[in-house]
Amino acid sequence: MKNLSTFLPLFVALLWTVTATGQQTPPSGNRPPMPGNEAPALNTAPKGNNKILGVVIDSLSKQPVEFATVALYLKNSDTPVDGTTTDDKGKFEISGIATGDFRLVISFIGYRDKSLNDLRFTKNDTKNLGNISFAQSISTLKEVEIVGTTALIEEKVDRTVYNAEKDVTSKGGDASEVLRKVPMLSVDLDGNVQLRGSSNVRVLINNKPSTIMAASVADALKQIPADMIKTVEVITSPSARYDAEGSGGIINIVTKKNTLQGLTLNFDIGTGNRSSNLGLNGSYRKGKMGFNLGGHGRLFYNPALTTFEQTTKTLGSSFTTLQDVESFDRGGFGNYNLSWDYDISKNQSLSASARFGARNFGNEQDIAISSFENQLLKSSSFRKVDSKNNSGSIDFNIDYLRTFKPRREWSMSAQYSRSDLTNNFDSDIFAADEVNLLSSIRNLNGNLNQETTFQTDYQTPIGDRQLVEFGGKAILRDVDSDYSYFLAQGASGNYTIDPNRPAGALDYQQNVAAGYLAYTLQTKNKYTFKLGGRYEYTDINAQTIENGNIDLPAYGNFVPSLNVSRNLKGGFIVKAGYNRRIQRPGLQQLNPNFNAANPQNISVGNPGLSPELTDNFEVGVSGNIKKTYLNFSVFRRITDNAISQIRKPYDSTGAVITTFENVGVQRAWGTNLFGNFQITPKWTINGGIDILYAFMEGRTTGLNGLSEVVTNEGVNINGRLMTQVTLPKGWGIQGFSFLRGPQVQLQGRQAGFGMYSLGIRKDFKNKKGSIGFGAENFLTQGIRMKTELSSPTFTQLMDTQRLNRGFRVNFNYRIGKMSFDAPRKKAKSVENDDLKAGEDSNGGGNNGGGMQGGGGRGNRQN
């Protein structure tokens, strides 16, 4: 906070510029069409003073359909005379229409064309069509009622959307189970997320950062019940308006929120052989004001058993270490939120929200360690380790939006986030008989993560086909980590300070000031160009008790972006993009706490890390072929100064220490293909495959004690397949399978695994509730993986088996008034996406976490 004065002048200057600009009279014109949905080329026709307007809404959800193409034709002509696209409220308006007879055609990807005929205009005529129901392509005709079905996967102009609320098999699960089903994403057994093979992903919740992501993205995903997720959005080529961090891309988890007029209440309850969950969500809306209050919790019991066998051989010596581990997880999570919004006037809105998170997570391990020399047993020991990972977090946002004219608007946002994290362990060391207690070790590690963000954005049109956007942002972060170590001899329980490992603390302050400029141009021949640049200046002050100040110089980065799209005949869209991203280190990569909960797999952060830089290139094509939707893309990613996970031998017992260093070079080439196939109106199949070739280079310690270059390369393959069947009388069945192939790492290869699940749901006749049954990995006891790691000084083989067969039952019901409120323009909010999450260090645990309140991947200034 002490450097707030450094960044406030920039913020105030931007504020003054925006305010002054906003008072000017804007040029007329409608919202420009988005890439791939441009208004059609127009025929020259006489102009008049007539006007037509309306609102396009989805026939099923009753929500506005944005960016739909609206074309106006003469009654007996196939060439449009005028056109536009809908805005984010679904609204459109076409003016300057001559007198005569016309017809209106509305179209958009994934929807059936809607034609409104016999529109006759006379002099000074205004036709308000009101709400226009727009049906999706997948629909069935039952008697005289059109029943729409939202597609499970949708491709929008700037993102891929997975409609999680249509997913039956994830009911009662958590967010990591949902993300496994999203195209281009890969999630391992511990919840660590990758996008196109990169773990440098920013995860947002409702377009906002959250401190529940601060310590570990994987742990945070377990706190978000699948039942509260509405959609998951994946953005692989962010524009200059997004924060520069998150080299892999952006994942935005959108939670369910009522937009119903009056008082409503939803509740979900589920139970199974391994966990139970409860969720309540209430809302009240009347007139200009609305409230939402929600709470979701999940409790783990009868935990999945993880068995782990590790063999470590120290090269250049005769020592080998064998380790057998049984591990059990336990705990509970809670997630609570309160939001409020108010329409100050027709063109001004104000909103605020508070989110609270609580986590009580524990892990118990029984560890047997045997050391051999020349294949002869030299020593053995047994440990019982009890780890606690508890946290409490809060995010508070307040947002203001002022709309001057269509497409000209100004927003201001502020956010405060705080997360308190406790990461402790107790380890009891026994003799080989597993009875005689020799000693005990205790490690206490408390972390406090605070983040304050100020942001402003402005956009204005230039004519009908151009748009200019600019804005500024200041992020002030303060991270404190205190750690200490204690010893107790025998069974006394009298702990004293460990003389070999004194207590320590890290104080890390990071302040970021950013500004951006973006320009969008749409041509008459259906090209859309969006180019921009963003500059970010980062100032860091860091010190530890042990070593004093850490020399981390301030740095500035300019990150350009370019996106081009072209709408082809037959409804296909071709897109190409380039962007540069930076990746700052996250909290767990910086934290110098020496974590030896498992004495053979020790982890420690590096507070001296600097950011890495990545260049991304992407080309893709998507479209429909009859009843089949396909999306194909190829990409290239180049990363220098990469933050790499490095493993080194710690001592002669075979212990390995994992840390992070800026020693890496990473090159990746890959392709993604996914599609949705409509076999019959009631049966669909969708799936995809991701193929990535990765090359990595880094440095580690050799047998002679000197630094040596290490390289690795290989192909990673992931795939998923899902099917949905709609049956009579409200029944539905859904099946899912996921395969993650072996993953190339700098010092070896992590084993792959597969998962499958089946879900059945019955909707009640009144459509207000449902009951469902789900099962996962039910044909086998669990999953087994074999991982091999190597370096010039050691080799390590790990055989992991997780017994996670699961069954669960879920019930959902909704009560309250069921009239939809009119679509509303919401104030825009802070989104921080600029920190790197940690990586899975041992194939069986997490080091991950962003220091930010944003966690996981990408951040857009909205």
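Quick caveat: nothing in here was measured; it's all calculated off a predicted structure.

Participant: Can you walk me through the overall build of the chain in this structure?
Facilitator: In terms of helices and strands, the chain carries four helices and 47 strands. Relative to its 862 residues, the chain shows a buried fraction of 56%. A fraction of 70% describes how many contacts in the chain between residues 6 or more apart in sequence connect residues 24 or more apart.

Participant: In this structure, what is going on with unusual backbone geometry? I would like to understand it.
Facilitator: Only a minority of non-glycine residues have a phi that is not negative, and only a minority of peptide bonds are not trans. Phi angles above zero are rare outside glycine, and Asn-124 is one such case at about 55 degrees. Within the element layout of this structure, Asn-124 appears in the loop between β6 (114-121) and β7 (126-134). A positive phi angle is found at Glu-434, which is not glycine, with a value near 65 degrees. Inspection of the secondary structure puts Glu-434 in the loop between β24 (408-430) and β25 (437-462). For Glu-434, a relative accessible area of 45% gives the class partly exposed.

Participant: How should the environment of Asn-593 be read in this particular structure?
Facilitator: Mapped onto the fold, Asn-593 is located in the loop between α4 (587-590) and β33 (601-603). Between the alpha carbons of Asn-593 and Asn-606 there is a distance of 9.4 Å; along the sequence they are 13 residues apart. Here Asn-443 takes part through its side chain, which lies 3.3 Å from a polar atom of the side chain of Asn-593. Reaching out from Asn-593, the side chain makes a polar contact with the side chain of Tyr-485 at a distance of 3.1 Å.

Participant: Whenever I open this one, the pairing of strand β42 (residues 753-763) confuses me. Can you help?
Facilitator: The side chains of a regular strand alternate, residue by residue, between the two faces of the sheet. Pairing analysis gives ten bridges linking strand β39 (residues 731-740) to β42, with the strands arranged antiparallel. Across the sheet, residue Gly-732 finds its bridge partner in β42, namely Arg-761. As paired elements, β42 and strand β43 (residues 769-776) share seven bridges and run antiparallel to each other. Counterpart to Leu-758 in the pairing with β43 is Ala-775.

Participant: I keep staring at the sheet that holds strand β4 (residues 91-97) and nothing clicks. Help me out?
Facilitator: For sheets, the rule is that strands pair by backbone hydrogen bonds, running either parallel or antiparallel. If you walk across this open sheet you meet the three strands as β4-β1-β7, and the pairing is mixed. Each edge of the sheet is formed by a strand with only one pairing partner; in this case those strands are β4 and β7. Across the sheet, the mean angle from the axis of one strand to that of its neighbour is 20 degrees, orientation sign disregarded. Bridge count between strand β1 (residues 47-58) and β4: seven bridges; the pairing is antiparallel. Within the sheet, the bridge partner assigned to Asn-50 lies in β4 and is Ile-97.

Participant: Can you walk me through the packing of aromatic side chains in this structure?
Facilitator: Here the distance between the centres and the angle between the planes together describe a pair of aromatic rings. A complete count under the given rule lists 19 aromatic pairs for this structure. Pairing Phe-267 with Phe-811 gives two aromatic rings, centres 5.9 Å apart and planes at 45 degrees, and the pair type is tilted. Here Phe-267 is found in strand β17 (residues 260-272), whereas its partner Phe-811 is found in strand β46 (residues 806-816), with 544 residues between them in sequence. Exposure remark for Phe-811: the relative accessible area of 27% places this residue in the partly exposed category. In textbook terms, an aromatic cluster arises when at least three aromatic residues are bridged by ring pairs, as seen for Phe-267, Phe-764, Phe-811 and Tyr-813. Over the ring of Tyr-73 we find Arg-103, and its NZ or CZ is 4.4 Å from the ring centre.

Participant: Can you help me understand the pattern of salt bridges in this one?
Facilitator: Side chains that differ in sign of charge can pair as their charged atoms come close. As enumerated under the stated definition, the model contains 20 salt bridges in all. When the shortest N-O distance is used, the salt bridge between Glu-364 and Arg-330 registers 3.4 Å. Separated by 34 residues along the polypeptide, Glu-364 in strand β22 (residues 348-373) and Arg-330 in strand β21 (residues 319-345) bring together distant segments of the chain. The exposure class assigned to Arg-330 is partly exposed, which follows from its relative accessible area of 28%.

Participant: Mind showing me how you'd approach the pairing of β25 here?
Facilitator: Sheet topology places β24 next to β25; 20 bridges connect them, and they run antiparallel. Bridge pairing in β25 links Ser-411 to Asp-457. Hairpin connection between β24 and β25: a loop of six residues separates the two successive antiparallel strands, and Glu-434 in this loop has a positive phi of roughly 65 degrees. Where β25 meets strand β26 (residues 466-489), 24 bridges bridge the pair, whose relative direction is antiparallel. Residue pairing in the sheet places Thr-460 in a bridge with Val-468 of β26. In this structure, the hairpin formed by β25 and β26 is closed by a connection of three residues, where Gly-463 is found at a positive phi of approximately 70 degrees.

Participant: Just to check I follow, could you spell out the sheet that holds strand β5 (residues 100-107) for this structure?
Facilitator: Spatial ordering of the open sheet is given by β3-β2-β5-β6, a layout of four strands whose pairing is antiparallel. Edge positions in the sheet fall to β3 (80-85) and β6, since each of these pairs with one other strand and no more. Direction aside, neighbouring strands of the sheet carry axes that sit 20 degrees apart on average. Taken together, the six bridges between β5 and β6 define a ladder with antiparallel strand orientation. The residue of β6 that forms the bridge with Ile-106 is Lys-114.

Participant: Would you mind going over the environment of Glu-154 with me for this structure?
Facilitator: Residue placement: Glu-154 occurs in strand β10 (residues 153-155). For Glu-154, a relative accessible area of 17% corresponds to the buried category. Once the C-alpha coordinates of Glu-154 and Asn-676 are considered, the two residues, 522 residues apart in sequence, prove to be 9.3 Å apart. Leaving out residues up to four positions away in the same chain, Glu-154 has contacts with Gln-136, Arg-159, Thr-160, Val-161 and Asn-163.

Participant: Teacher, can you tell me more about the side chain of Gln-796 here?
Facilitator: Here Gln-796 lies in strand β45 (residues 794-803). By relative accessible area, which is 0% here, Gln-796 ends up buried. What Gln-796 contacts, discounting residues up to four positions off in sequence, is Gln-310, Thr-311, Thr-312, Asn-601, Val-656, Thr-787, Glu-788 and Leu-789.

Participant: Which parts of the structure should I look at to understand the confidence of the model for the chain?
Facilitator: Should pLDDT be low for a region, the predicted coordinates there are not to be read in detail. Confidence in the prediction for the chain averages 78 pLDDT; 81% of positions are at 70 or higher. Per-residue pLDDT stays below 50 along residues 1-45; that stretch engages in 107 contacts with residues further than four places along the chain or on separate chains.

Participant: Is there a simple way to think about the nonpolar core in this case?
Facilitator: In this structure, Tyr-162, Leu-179, Ile-229, Val-232, Ile-251 and Ile-253 are the most contacted members of the largest nonpolar core, which totals 35 residues. Once residues within four sequence positions are removed from consideration, Val-232 is found in contact with Thr-160, Val-161, Tyr-162, Val-178, Leu-179, Val-182, Ile-251 and Asn-252. Residues Val-56, Val-70, Ile-97 and Phe-134 belong to the second largest nonpolar core, which totals 20 residues.

Participant: Explain the environment of Leu-562 to me, please; I cannot follow it from the model alone.
Facilitator: Within the secondary structure, Leu-562 sits in strand β31 (residues 555-567). It is 10.0 Å that separates the C-alpha atoms of Leu-562 and Thr-520, two residues lying 42 residues apart in sequence.

About the thresholds
Residues numbered from 1 in each chain as written. Predicted model: local features only at pLDDT ≥ 70, side-chain atom pairs only at ≥ 80, totals over all residues. Heavy atoms only, no water. Helix = DSSP H or I, 4+ residues; strand = E, 2+ residues; numbered from the N terminus. Buried < 20%, exposed > 50% of the residue type's maximum accessible area, 1.4 Å probe, protein only. Contact = heavy atoms within 4.5 Å. Polar contact = N/O pair within 3.5 Å; in protein donor to acceptor, adjacent residues only side chain to side chain. Pairing = 2+ DSSP bridges. Axes fitted to C-alpha atoms, helices over the stretch in contact; angles between N-to-C directions. Phe/Tyr/Trp six-rings, centres within 6.5 Å; stacked < 30°, edge-to-face > 60°. Lys NZ or Arg CZ within 6 Å of the ring centre and 35° of its normal. Salt bridge = Lys/Arg side-chain N within 4 Å of Asp/Glu carboxyl O. pLDDT = per-residue confidence, 0-100. Core = buried A, V, L, I, M, F, W, Y, C linked by side-chain atoms within 4.5 Å.

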